[in-house]
Amino acid sequence: MKQKPIPVYLTLPEPIYQQIDQLARETGRSKCRYIRQIIRRYLEYLDKADKPDEPPVNWKID
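In this text, all values refer to a predicted model and were calculated from it rather than measured experimentally. (Residues numbered from 1 in each chain as written. Predicted model: local features only at pLDDT ≥ 70, side-chain atom pairs only at ≥ 80, totals over all residues. Heavy atoms only, no water.)

Peer 1: Before we move on, could you go through a nonpolar patch on the surface and cite the residues and values that matter?
Peer 2: Residues Ile39, Tyr42, Leu43, Tyr45, Leu46 and Trp59 make up a contiguous nonpolar surface patch of roughly 620 Å² in combined accessible area. Judged by its relative accessible area of 47%, Ile39 falls in the partly exposed class. (Patch = residues over 30% accessible without salt bridge, like charges linked within 9 Å, V, L, I, M, F, W, Y side chains within 5 Å. Areas by Shrake-Rupley, 256 points an atom, 1.4 Å probe, with all protein chains shown as cover. Salt bridge = Lys/Arg side-chain N within 4 Å of Asp/Glu carboxyl O. Buried < 20%, exposed > 50% of the residue type's maximum accessible area, 1.4 Å probe, protein only.)

So this is what it looks like as structure tokens:
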């Protein structure tokens, strides 16, 4: 079953916004989609932090 998305609003410093905008364009994603991917990777990182036998998180976002 598909989960219902919940809108979240945030403000970013301009340099971070510009960097995300550039990276999103380079990867063909929207800024929202790029930010979601960053959050997913970070949550995966936190989940694996206490599990040294797990493979490391792949931080590259293509």
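Peer 1: Which residues make up the pattern of salt bridges, and what values do they have?
Peer 2: Tallied over the full model, the rule gives 4 salt bridges. Taking the shortest distance from any N to any O, the salt bridge between Lys51 and Asp47 comes out at 3.4 Å. Members of the salt-bridge network, linked through shared partners, are Asp21, Arg25 and Lys31.

Peer 1: Tell me what's going on with the environment of Asp47, and back it up with residues and numbers.
Peer 2: Structurally, Asp47 can be placed in helix H2 (residues 31-49). Each C-alpha atom, one on Asp47 and one on Val57, is 9.8 Å from the other, the two residues being 10 residues apart in sequence. (Helix = DSSP H or I, 4+ residues; strand = E, 2+ residues; numbered from the N terminus.)

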